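The primary structure of each chain is shown beneath.
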Amino acid sequence: MRRISALILAFAVLAGCAGPKRLPPIVVEPEGPMGPGRAVPDLLGVGLLENELGVEIYAEGPAEVIDGHTGRTLLHLRQAGQRVACQRDGDTVVWRQEGHSGRAASVVLRPVDAGTRVSQGDFEYRGDFLVICSPVGRGLTLVNNVDLESYLKGVVPWEIGRHPAERLAALQAQAVAARTYTVSHWGARRNRGFDVFASVMDQVYKGSADEDEMCNRAVDSTAGLVMKEGGREIEAYYSACCGGSSSNIREVWARGARPYLGAREDGPDQSGQAYCAESRYYHWRESWAVGQLEEILHRTLPEFLDWVAASPARAKWNGPVFSPRDGSSDARQPGRLWNLEILSRTTSGRVGNLAISTDAGVYHVRGDRTRWVMPPASGNPFILRSANFDLELERDGTRLKRIATRGQGFGHGIGLCQTGALERASQGQDFAEILAHYYAGAALTKLAAGGKR
Ligand SMILES: [Zn+2]
């Protein structure tokens, strides 16, 4: 039934009719009031491996081993699969290929034909490989230098999944969000020798072997499109399921406000519920025996104290962290758990201030950090699904016995809600409408053309 109404609505959009509750369209600004879109470097450096003792790489066709600093060709590889083994010696990379070897400050493996892939382990990639001495350790770092659009084809299916054509608009919205995130974080990891991590530290990237036809279509059909606000690319965060309302970034992270990342209801949709309400993450429950949670808190509360102490901005954002029970209390030794209490909530209903009372004293944990302090006993996922939860405390007399959290959503809830976007696409919204909801006030802009390899 829903599928049929989505098709009718999709037809109405194609026919140019105004559907119910239409959002104002975003204007694409190739040469908008902020001037032409920003030009990005030809190649993005994606950090694949860091601090490895040894790295073995090869190409799927003829390639060259090049000195990364001088650009000089060190060796021609005429056949596919000829393996180049690299190791670190002091501040140089030592490379070996059958009877050949040499050393250089950095080594590049570049296919002769730009369409040839390079490989490491079970993964293959478009672009080149760069091997450098890890700036943050004693091993080697493997970087994949790749053009932005090819990179996104290795990101989108891992970040939002594989979906049929009627959900293409959500994949397009995801592609624009991932592209914008990349451009606004370009070079953020420069001290490590690359631009972005290939993991959840930035965005999951698994190269070219498992690309998805529909995701590639989403990347190609939105090529170069990013979102801007106030003349700059926005910080296009996204998460799996907002649980009914997105987060205001200022309330969940130790970060300043962003006008386009506020708390917004994700709906109601045509059936009167949140767009992400059918998500398997929409409702969840997690529980701990008191001894289990005490063991977890013994690890996570000191980690939380260290996290706050590592930055003045975090200390300011979190406010008072710990009130000792008496003069002999040690904040790093929480002891037994006495009580948990939600003292305040954010605009979107997430936990704003969680008081954790123990033998040592009372800890105050804010916003999204509550997820890190109370991870599931199973370790899966490795932090609590969301900060949008209620507490259920079971006591045996005055002593806590079991603690449960009953929550909604999966992820930090900032920006685009992936399951909400998929449902919006099914119900006929186009990608510009989807983005206009989750990043209110941001404008779509085309980047100046970058190089492609
Ligand atoms: Zn949602």
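Since this is a predicted model, take the numbers as computed values, not measurements.

Draft legend 1. Just the confidence of the model for the chain, in detail. When pLDDT is averaged along the chain, the result is 90, and 90% of the positions lie at 70 or above. Of the regions scoring below 50 in pLDDT, residues 1-36 engages in 49 contacts with residues more than four places distant in sequence or in other chains.

Draft legend 2. Highlighting the sheet that holds strand β17 (residues 232-233). One open sheet holds the 3 strands; their spatial order is β17-β16-β27, and the pairing between them is antiparallel. Both outer strands of the open sheet, β17 and β27 (443-446), are each paired with one neighbouring strand and no more. Docked against the sheet, helix α4 (residues 168-184) engages β16 (225-229), β17 and β27, running at close to 65° with respect to β16.

Draft legend 3. Molecular detail of the coordination of the zinc ion. Bound to the zinc ion are the protein donor atoms C242 (SG), D266 (OD), C276 (SG) and C417 (SG), situated 2.1 to 2.3 Å from the metal. Considering all 4 donor atoms around the zinc ion, angles at the metal cover 101 to 116° and the coordination shape is tetrahedral. Here the donor residues for the zinc ion map to a single chain with the spacing C-x23-D-x9-C-x140-C. Remark: C276 occurs in the loop between α6 (249-252) and β19 (283-289) and C242 occurs in the loop between β18 (238-239) and α6; sequence separation between them is 34 residues. Of the two residues examined, C242 and C276, each falls in the buried class.

Draft legend 4. Up close: the packing of α4 against helix α11 (residues 431-438). For the pair α4 and α11, interaxial distance at closest approach is 8 Å and the crossing angle is 55°. Classified by the angle between their axes, α4 and α11 sit oblique to one another. Handedness of the crossing formed by α4 with α11: right-handed. Across from A169, A170, Q172, A173 and V176 in α4, the residues of α11 making contact are F431, I434 and L435. Class assignment of the residues belonging to the contact of α4 with α11 gives a composition of 7 nonpolar, 1 polar and no charged.

Draft legend 5. Seen up close, the environment of S101. Tracing the backbone shows S101 in strand β9 (residues 100-104). When near neighbours in sequence (up to four residues on either side) are disregarded, S101 contacts W95 and R96.

Draft legend 6. Spotlight on the pattern of salt bridges. A complete count under the given rule lists 24 salt bridges for this structure. When the shortest N-O distance is used, the salt bridge between E56 and R83 registers 3.4 Å. You can see E56 sitting in strand β4 (residues 54-59) and its partner R83 sitting in the loop between β6 (73-77) and β7 (84-89), a full 27 residues away along the chain. The shortest N-O distance in the salt bridge between E124 and R117 comes to 3.8 Å. Within this structure, E235, R255 and R258 form a network of salt bridges that share partners.

Draft legend 7. Inspection of helix α10 (residues 418-426) at higher detail. Of all the 9 residues making up α10, 8 are buried; the element is thus mostly covered by neighbouring parts of the structure. Listing the buried residues of α10 in full gives Q418, G420, A421, L422, E423, R424, A425 and S426. One or two residues past the end of α10 sits G428, with phi positive at roughly 100°.

Draft legend 8. Just the packing of aromatic side chains, in detail. In the structure shown here, the tally under the stated rule is 10 aromatic pairs. Look at Y151 and Y205: their rings are 5.0 Å apart centre to centre, the planes differ by 45°, and that puts the pair in the tilted class. Taken together, the positions of Y151 in helix α2 (residues 148-153) and Y205 in the loop between β15 (196-197) and α5 (213-221) put the pair 54 residues apart, joining distant regions of the chain. Its relative accessible area of 0% is what places Y151 among the buried residues. Ring geometry for Y281 versus F410: centroids 4.7 Å apart, planes at 70°, classification edge-to-face. Linking Y281 in the loop between α6 and β19 with F410 in the loop between β25 (399-408) and β26 (416-417), this pair joins segments that are 129 residues apart in sequence. Taken together, Y125, F129, Y151 and Y205 form an aromatic cluster joined through their ring pairs.

Draft legend 9. Fine view of the domain arrangement of the chain. When the domains of the chain are assigned, the result is domain 1 (2-38 + 152-277 + 413-446), domain 2 (44-146) and domain 3 (283-408). Taken together, the contact pairs 12 residues of domain 1 with 12 residues of domain 3. Across the domain 1 to domain 3 interface the summed buried area is about 970 Å²; carbon plus sulfur atoms make up 51%. Remark: the boundary between domain 1 and domain 3 carries 9 residue pairs in polar contact (both at pLDDT 80 or more).

Draft legend 10. The arrangement of helix α7 (residues 290-309) in detail. A rise of 1.5 Å per residue sets the reference length of α7, with its 20 residues, at 28 Å; its end C-alpha atoms lie 27 Å apart and thus fit the reference within 8%. Its maximal kink placed at L297, α7 deviates by approximately 35°. Listed in full, the buried residues belonging to α7 are V290, L293, E294, I296, L297, T300, L301, P302, F304, L305, W307 and V308.

Draft legend 11. Fine view of the environment of S239. Tracing the sequence through the fold places S239 in strand β18. Under the relative-accessibility criterion, S239 is labelled buried at 5%. Once you skip the residues sitting within four places of it in the chain, S239 turns out to touch F410, G411, H412, G413, I414, L416, C417 and Q418.

Here is what the cut-offs are and how they apply
Residues numbered from 1 in each chain as written. Predicted model: local features only at pLDDT ≥ 70, side-chain atom pairs only at ≥ 80, totals over all residues. Heavy atoms only, no water. pLDDT = per-residue confidence, 0-100. Contact = heavy atoms within 4.5 Å. Pairing = 2+ DSSP bridges. Helix = DSSP H or I, 4+ residues; strand = E, 2+ residues; numbered from the N terminus. Axes fitted to C-alpha atoms, helices over the stretch in contact; angles between N-to-C directions. Donors = N, O, S within 2.8 Å, 3.2 Å for Na, K, Ca; no water. Tetrahedral: all angles 85-135°; square planar, octahedral: opposite > 155°, others 65-115°. Buried < 20%, exposed > 50% of the residue type's maximum accessible area, 1.4 Å probe, protein only. Parallel < 35°, antiparallel > 145°, perpendicular 65-115°, else oblique. Left-handed = near helix turned anticlockwise from the far one by under 90°. Nonpolar A, V, L, I, M, F, W, Y, C, P; charged D, E, K, R; others polar. Salt bridge = Lys/Arg side-chain N within 4 Å of Asp/Glu carboxyl O. Phe/Tyr/Trp six-rings, centres within 6.5 Å; stacked < 30°, edge-to-face > 60°. Domains from an automatic or database assignment. Buried area = accessible area lost by both parts, 1.4 Å probe. Polar contact = N/O pair within 3.5 Å; in protein donor to acceptor, adjacent residues only side chain to side chain. Expected span 1.5 Å × (residues − 1). Bend = angle between axes of the 7 residues up to and from the residue.

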